[in-house]
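# Structural overview
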Amino acid sequence: MRLINRHPGRVAATLLGLAPFLLIIVLYGMASKERLAENPNDKLLPGLEQMVAGVDRMAFQEDRRSGDYLMWIDTAASLERLAIGMVIAAALALLVGIINGTLPLARANLSPLVSALSMIPPLAILPILFIVFGLGELSKVMLIVIGTAPIMMRDVAQRVRELPQEQFIKIQTLGASSWQLVTRMVLPQVLPRLIDSVRLSLGPAWLFLIAAEAISATEGLGYRIFLLRRYMAMDVILPYVIWITLLAIVIDQCLRFGNRRLFPWYNAGGH
Amino acid sequence: MKLSNLIKHTGAVLGTCVLLAGASTGAVAEERKSFSLAWTIYVGWMPWQYAEDSGIMKKWADKYDIDVDIVQVNDYIESINQYTAGQFDGVVATSMDALSIPAASGVDSTALIVGDYSNGNDGLVSKDAKTIKALKGTTVHLVELSVSHYLLVRALDSVGLEERDISVVNISDADLVSAFQTDDVRSVATWNPLLSEIVAFPEATKLFDSSQIAGHIKDLAIVNTQTLEENPELGKALVGAWYETMAIISADDKAGQEARAVLGQSSGTDREGYEAQLAATRMFYKPAAAVEFINSDTAREALDSVRQFSFEKGLLGQGAMSPDFVGIEFPDGSVMGDKGNVNLRFNDSFMKMAADDKL
């Protein structure tokens, strides 16, 4: 039997999938133990115990100074910024994407601008962004929007244009107006694609969120990581990174699940 | 490289992504020939660039038959973190950061050179407030947990206010100057060269600066104590090169002016700008002056104040139950804090050798 035709069973596949994670944990554990044996105060690779203590301190004990549970405050602040940013970006993407995809006149006018905007790396023009939007919450949300919206706009427009030409003609012969064409034909097919697009943009969105929080903030997951970096408190930074990863996975899966439930026709083709 | 070391370094890459795989030799201390010192842009540390570019460093390294690499790092905190992780044998840092990062992480470090202390280079500036008292209830933007934070607390303390009387917003130093141009930001605490740009704003008033806490924010060149003990030539070469450079930088002749112009340009200003910053810095051009300062009561009191602040802010780490957690050793052998956990040592023997012309 050729190697390319050999498939793992269900159990074997799970084990094979888990193995790299276990390997990383074991490697990390050995490295950490080694460093801690040499220097018990080492902060670079804290052991499990120190990380558990770090989480306990951040999440379940009141902060000495403010009396807050810092990890929850940080999480709430970051998720709020992320959610607002992504909702605005998705709404803009849907609007501009559909206009660009369906109306040739608008496309001629708008599409080159969107393409050009999507090429600007937002982090390069940060100083301008926050002189325009100030240093408050607005600038952090705007960084996420500017970073993710243009690419999603292009994606949505592309999806609209990929819809079969036959559908466009058919709905017109049935007497639909341009508005009906958008609401009855384009929207139901593009909405689930938009959610997929949001899922793909979540990675960059987190990146922009953390970058924004590094610049100026009083709470947030990215803020805490950058603050603690000042004295290498890896016992808190590493759990925070794992926590961010977990949050990202949960959000991604929720969107996937929601997409299936809301738009069963989209997944019928075996996506 | 031993297998255990390989694992250690591989793990470090996985864990933090701050180490470059395989490039690390810093943690393995043996008889060695080549060393590295990291520095970042700041008026008191620019001379390292001159020492490197002019060949002075190479001259002194050759004299002791070693190689010394002077590496400029973009990000100040990152350079100290890399030193702590073992990527560099030495780094330049303020006494507060030397205490809260390598020393609190258990990396035994020796302050080889006490280069200067800030004498106006760090300041508190406001657009609205004309006195420190007027800051009550307002917001101050600064790099949290940095020497600016320390300066702010000292400034508030001087008029009987506390940090809780104001709100503090963290901002990265790279964005501080442009942030000051926005309406949201009314007051900042920062250091030079940023400070001089901010003070130049028409509405800005300087409320407090480091000349009012002279000696508290001091700048050091620290090296790994074990590396230094095993390779004293490293200490001799660094100190020798530093004071030869100091003599040139401080001279009023043509060579000195040219050196200051070059360093001014590299730090984003010109000769006049650099000289203005030098004026706000108490540079120890002569080794004897540094030795005298570090043995003074002022230096000791300042360090005590800095370590109390570091403990209150949690900078000494989880294991620290009191400011005494990290022991600080002075040149006379006396220890401030835990004698069993001495991780920051002020050693004046190399500076003394320089003062006595015995290098």
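Residues numbered from 1 in each chain as written. Chains lettered and ligands numbered in written order. Predicted model: local features only at pLDDT ≥ 70, side-chain atom pairs only at ≥ 80, totals over all residues. Heavy atoms only, no water.

### Quick look at the overall build of chain B
Here is the rule: Helix and strand definitions here come from DSSP, where helices need a minimum of 4 consecutive H or I residues and strands a minimum of 2 consecutive E residues; each element is numbered from the N-terminal end. Using C-alpha atoms as the atom set, the radius of gyration is obtained and then compared with a globule rule of 2.2 Å times the number of residues to the power 0.38. We call a residue buried when its accessible area falls under 20% of the maximum for its residue type, exposed when it is over 50%, and partly exposed in between, using a 1.4 Å probe and counting protein chains only. The contact criterion used is simple: two residues touch if any of their non-hydrogen atoms lie within 4.5 Å. Shrake-Rupley sampling with a 1.4 Å probe provides the accessible areas, and residues are treated as covered by the protein chains on show and by no other component. Positive residues here are Lys and Arg, negative ones are Asp and Glu, while His and the chain termini are left out of the count. Note on charges: their place is set at NZ of Lys, CZ of Arg, CG of Asp or CD of Glu.
The secondary structure content of chain B amounts to 15 helices and 14 strands. Scaling as 2.2 N^0.38, a compact globule of 359 residues should have a C-alpha radius of gyration of about 21 Å, and chain B matches this with 20 Å. Its C-alpha atoms put chain B at 60 × 55 × 40 Å along the principal axes. Expressed as a percentage of its 359 residues, the buried residues of chain B come to 60%. Expressed as a percentage of contacts within chain B between residues at least 6 apart in sequence, the contacts between residues at least 24 apart total 74%. Accessible area for chain B stands at about 13,600 Å²; split by element, carbon and sulfur atoms hold 49% of it. The centroid of the 29 positive side-chain charges in chain B is displaced by 3 Å from the centroid of its 51 negative side-chain charges.

### Overview of helix α9 (residues 221-229) of chain A
Each α-helix winds once per 3.6 residues, and so residues spaced three or four apart point in a common direction. Within α9(A), seven of the nine residues are buried, which leaves the element mostly enclosed by the surrounding structure. Of the surrounding elements, those touching the buried residues of α9(A) are α2 (48-60), α3 (70-102), α8 (178-215), β1 (216-217) and α10 (234-262) of chain A together with β7 (167-171) of chain B.

### Looking at unusual backbone geometry
Residue and element names in this part refer to chain B. In this model, Asn-192 is joined to Pro-193 through a cis peptide bond whose omega is 5 degrees. Secondary-structure assignment places Pro-193 in the loop between β8 (187-191) and α8 (194-199). Phi angles above zero are rare outside glycine, and Asp-65 is one such case at about 60 degrees. Here Asp-65 is to be found in the loop between α3 (56-63) and β2 (67-72). If you check the backbone angles, Leu-145 has positive phi at about 65 degrees while not being a glycine. Position of Leu-145 relative to the elements: it lies in the loop between β6 (139-142) and α6 (147-158). Of the residues examined, Leu-145 reaches a relative accessible area of 7% and is grouped as buried.

### Topic: the packing of helix α4 (residues 76-85) of chain B against helix α5 (residues 95-103) of chain B
Helix-helix packing is characterised by the crossing angle of the two axes and by the distance between the axes. Residue and element names in this part refer to chain B. As a reminder, the rule being used: Only the stretch in contact is used when fitting a helix axis, every axis being a line fitted to C-alpha atoms; angles between N-to-C directions are given from 0 to 180 degrees. Angle categories are assigned with fixed cut-offs, so that under 35 degrees is roughly parallel, over 145 is roughly antiparallel, 65 to 115 is roughly perpendicular, and the rest are oblique. For any pair of crossing helices, the crossing counts as left-handed if the nearer helix is rotated counterclockwise from the farther one by less than a right angle, and right-handed if it is rotated clockwise.
Interhelical geometry of α4 versus α5 gives an angle of 45 degrees and a closest axis separation of 9 Å. As summarised for this structure, α4 and α5 are arranged oblique, according to the angle between their axes. When the axes of α4 and α5 are compared, the crossing they make is right-handed. On α5, the residues that touch Tyr-76, Ile-77, Ile-80, Asn-81, Tyr-83 and Thr-84 of α4 are Asp-97, Ile-101 and Pro-102.

### What to know about a nonpolar patch on the surface
All names here are of chain A. Applicable threshold: Patches were defined on residues exceeding 30% relative accessible area and lacking a salt bridge, with like-charge contacts within 9 Å and nonpolar side-chain contacts (Val, Leu, Ile, Met, Phe, Trp, Tyr) within 5 Å. Each salt bridge in this description consists of a side-chain nitrogen of Lys or Arg and a carboxyl oxygen of Asp or Glu lying within 4 Å of one another.
Together, Leu-18, Phe-21, Leu-22 and Ile-25 make up a nonpolar patch on the protein surface, roughly 440 Å² of accessible area in all. The residue Ile-25 is located in helix α1 (residues 10-38) in this model. For Ile-25, a relative accessible area of 55% gives the class exposed.

### Let's talk about the domain arrangement of chain B
All names here are of chain B. Counted only if it meets this: Domain boundaries shown here were taken from an automatic or database domain assignment. Accessible-area loss on putting two parts together, using a 1.4 Å probe and summing over both, is the definition of buried area adopted here. Polar contacts, as counted here, are pairs of nitrogen or oxygen atoms within 3.5 Å of one another; within protein the pair requires one atom able to donate a hydrogen and one able to accept it, and residues that are adjacent in sequence qualify only if both atoms are side-chain atoms.
By domain assignment, chain B separates into domain 1 (5-118 + 219-355) and domain 2 (122-213). A separation of 27 Å is found between the C-alpha centroids of domain 1 and domain 2. The interface is formed by 12 residues belonging to domain 1 together with 12 residues belonging to domain 2. Summed over both partners, the interface of domain 1 with domain 2 comes to about 1,100 Å²; 61% of that surface belongs to carbon and sulfur atoms. The interface formed by domain 1 and domain 2 holds one salt bridge in total. Among the salt bridges present, the one from Glu-163 reaches Lys-313, with a minimum N-O distance of 2.3 Å. Between the two partners, domain 1 and domain 2, sit five residue pairs in polar contact (both at pLDDT 80 or more). The element best represented in the side of domain 1 that touches domain 2 is helix α14 (residues 297-312), accounting for four residues.

### Details of the sheet that holds strand β5 (residues 122-126) of chain B
Strand pairing within a sheet occurs via backbone hydrogen bonds; the two strands may be parallel or antiparallel. Stated precisely, the cut-off is as follows: Two strands qualify as a pair provided that DSSP identifies no fewer than 2 bridges between them.
Across the sheet, six strands lie side by side as β1(A)-β7(B)-β6(B)-β8(B)-β5(B)-β9(B); this open sheet has mixed pairing. Where the open sheet ends on each side, the last strands, each with one partner, are β1 of chain A together with β9 (205-209) of chain B. Relative to β9(B), β5(B) runs antiparallel, the two sharing four bridges. By the bridge assignment, B:Ser126 is partnered in β9(B) with B:Thr205. Against the sheet, α6(B) contacts β5, β6, β7, β8 and β9 of chain B, and its axis sits at roughly 65 degrees relative to β5(B).

### Regarding the nonpolar core
Basically, it comes down to this: Side-chain atoms within 4.5 Å are what join buried Ala, Val, Leu, Ile, Met, Phe, Trp, Tyr and Cys residues into a set we call a nonpolar core.
Core analysis: the largest hydrophobic core is formed by 184 residues, its most contacted members being B:Trp48, B:Met57, B:Leu124, B:Leu238, B:Tyr243 and B:Phe346. Broken down by element, this core gets its largest block of residues, 14 residues, from α8(A). When residues of this core are assigned to domains, at least three map to each of domain 1 (5-118 + 219-355) and domain 2 (122-213) of chain B.

### A word on the interface of chain A and chain B
Contacts between the two partners involve 38 residues from chain A, matched on the other side by 50 residues from chain B. Three residues, A:Arg229, A:Arg230 and A:Tyr231, lead the burial of chain A against chain B; their summed loss comes to 20% of the area buried on that side. Along the contact surface separating chain A from chain B lie two salt bridges. Measuring nitrogen to oxygen at the nearest pair gives 3.4 Å for the salt bridge that ties A:Arg229 to B:Asp75. At the junction of chain A with chain B, the criterion picks out 11 residue pairs in polar contact (both at pLDDT 80 or more). If you tally residues by element for the side of chain A that touches chain B, the top one is α1(A), at seven residues.

### Some points on the UniProt feature "domain: ABC transmembrane type-1" (unreviewed entry) in chain A
Test applied: UniProt positions are given in the numbering used here, feature names are shortened, and annotations may be inferred rather than shown by experiment.
Listed under "domain: ABC transmembrane type-1" (unreviewed entry) in the UniProt record, and renumbered for this structure, are residues 75-255 of chain A. In the segment residues 75-255 of chain A, helix accounts for 86% and strand for 1%; the C-alpha atoms at its two ends are 19 Å apart.

### Examining a negative patch on the surface
Residues and elements named next belong to chain B. Side chains of Glu-52, Asp-53, Asp-67 and Asp-69 sit close together on the surface and give a patch of like negative charge. Contributions of two or more residues to the negative patch are made by α2 (47-53) and β2. For Glu-52, the position within the fold is in helix α2. For Glu-52, a relative accessible area of 31% translates into the label partly exposed.

### Here's the deal with the pattern of salt bridges
Taken as a whole and assessed by the stated rule, the structure comprises 33 salt bridges over all chains. A:Arg57 is paired through a salt bridge with A:Asp235; the nearest N and O atoms lie 3.4 Å apart. One end of the pair, A:Arg57, is in helix α2; the other, A:Asp235, is in helix α10, and 178 residues separate them in sequence. Under the relative-accessibility criterion, A:Asp235 is labelled buried at 11%. In this structure, the salt-bridge partner of B:Arg307 is B:Asp324, at a minimum N-O distance of 2.8 Å. Taken together, the residues span a long stretch of sequence, with B:Arg307 in helix α14 and B:Asp324 in the loop between α14 and β12 (327-329) at a distance of 17 residues. Among the residues examined, B:Asp324 registers a relative accessible area of 37% and is labelled partly exposed.

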